Amino acid sequence: MAFRKKSTKNPPVLSHEFILQNHADLVACVGMFFVLGLMFEGTAEASIVFITLQHSVPFPAAAERATESKFLYYYGIKDLATVFFYMLVAIIIHATIQEYVLDKINRRMQFPKAKQSKFNESGQFSVFYLVSCIWGTFILISENCLSDPTLLWRAHPHNMMTFQMKFFYISQLAYWFHAFPELYFQRIKKQDIPRQLVYIGLHLFHIAGAYLLYLNHLGLVLLMMHYFVELLSHICDLCYFSDEKYQKEFSLWAIVFILGRLVTLIVSVVTVGFHLAGGQNRNPDALGGNVNVLAAKIAVLSSSCTIQAYITWNLFNVQLQRWMEEDTTLQAPVVKKKRTKGRSSRKGTENGVATSNRVDSPHKRKEKSS
């Protein structure tokens, strides 16, 4: 996607170009419609469904002496409205970063059109992965998942989640859903759309699966490892766009990438194995979040292995393309040098013959005269 140039002519209202240039403002107006609904008594209840988390249950913080109680959450149909509202927020944030950060860098660096779309993609994902890693790590520390890893398979109650855990998953779903309209807003090329759809769909499938199966802690740990590796990948891409000499550092990132995939598989196998080995339930209740059965174990492990294999295959393809580009760039100047040498040698021989003829011509004249 090339950065948008400001034109003096205003496009017609509600035209294709008008929507692309002002989509952030239009989406902000829709979001303000829900926020203003909180000001009126008749629409406040409907607006709250979109803005705040729903499906909460009071839960005592400690024993009966506790004066305060906290709320635990489960998922429900009203979560779709909340995901929709925060999807609008994600579109506004995306447009803000694009206009005030990435477009200015594009103008300063003067990237060619081929690199502009890749630079914008890496810049957007770098911000998202960085914020998600910091936020997810804070949740893991606050819920003692790092100090007590057994919480990954013995979290209690199994069909509830805290406010920060649910809000994290709602935000993740909203971000990846917002990526679908961004394919239109950012003018993604048609040949790149299938790759983007697969990338977005895989993230939505696994995040929604962890959310609906109440594998919240396991999903959060796996997401943090995946996001950290992806963050390093996009940072390397940004460094490469700024200066191509950093391309040799990709080998270090490839090692971290492979180690991250191996650790993800190990954590998945260990967590699911211990979680289901602790007591397999013969009467599972999928609606209640109790899916401690063999079928769930096979589904989770097969899904995790499939996504890791797919991402690793994509890494090999991208690396092969970069190696081919390096070979073409290195061979091009060599061929030019060989051609210039050939031409210069031919010119040298022609000049030598011409000078020899010029030198020999007087002797030949003397021989003829004698």
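Residues numbered from 1 in each chain as written. Predicted model: local features only at pLDDT ≥ 70, side-chain atom pairs only at ≥ 80, totals over all residues. Heavy atoms only, no water.

Visitor: Sorry if this is basic, but what is going on with the state of the cysteines here?
Guide: A covalent bond between the sulfur atoms of two cysteines is referred to as a disulfide. Within the structure shown, the criterion is met by zero disulfides. Cysteine 239 supplies the cysteine sulfur nearest to cysteine 236, a cysteine that is in no disulfide, at a spacing of 6.4 Å. (Disulfide = S-S within 2.5 Å.)

Visitor: For this particular structure, what's the right way to read a nonpolar patch on the surface?
Guide: Residues Met32, Val35, Leu36, Leu38, Met39, Phe40 and Ile48 make up a contiguous nonpolar surface patch of roughly 660 Å² in combined accessible area. Take the nonpolar patch: its biggest share by element is three residues, from helix H2 (residues 23–36). Secondary-structure assignment places leucine 36 in helix H2. Its relative accessible area of 41% is what places leucine 36 among the partly exposed residues. (Patch = residues over 30% accessible without salt bridge, like charges linked within 9 Å, V, L, I, M, F, W, Y side chains within 5 Å. Areas by Shrake-Rupley, 256 points an atom, 1.4 Å probe, with all protein chains shown as cover. Salt bridge = Lys/Arg side-chain N within 4 Å of Asp/Glu carboxyl O. Helix = DSSP H or I, 4+ residues; strand = E, 2+ residues; numbered from the N terminus. Buried < 20%, exposed > 50% of the residue type's maximum accessible area, 1.4 Å probe, protein only.)

Visitor: What is the right way to look at H2 in this model?
Guide: Along an α-helix, residues three or four apart share an orientation, since each turn contains 3.6 residues. Taking 1.5 Å per residue, 14 residues should reach 20 Å; H2 reaches 20 Å between its end C-alpha atoms and fits that length. The complete set of buried residues in H2 reads His23, Ala24, Val27, Gly31 and Phe34. Buried residues of H2, viewed axially, fall in a sector of 95°; they line one side. Those residues of H2 that are exposed and angled more than 90 degrees off the buried face are Cys29 and Phe33. (Expected span 1.5 Å × (residues − 1). Arc of directions from axis to C-beta.)

Visitor: Sorry, what's going on with the packing of aromatic side chains here?
Guide: Per the stated rule, a full pass over the model turns up 27 aromatic pairs. For the ring pair tyrosine 86 and phenylalanine 167, a centre distance of 5.4 Å and an interplane angle of 75° mean the geometry is edge-to-face. Of this pair, tyrosine 86 sits in helix H4 (residues 79–109) while phenylalanine 167 sits in helix H7 (residues 163–185), and the two are 81 residues apart along the sequence. Given a relative accessible area of 23%, phenylalanine 167 falls into the partly exposed group. Between the aromatic rings of tryptophan 176 and tyrosine 199, the centroid separation amounts to 5.9 Å while the plane-to-plane angle is 70°, which identifies the pairing as edge-to-face. Of this pair, tryptophan 176 sits in helix H7 while tyrosine 199 sits in helix H8 (residues 193–212), placing them 23 residues apart in sequence. For tyrosine 199, a relative accessible area of 21% translates into the label partly exposed. (Phe/Tyr/Trp six-rings, centres within 6.5 Å; stacked < 30°, edge-to-face > 60°.)

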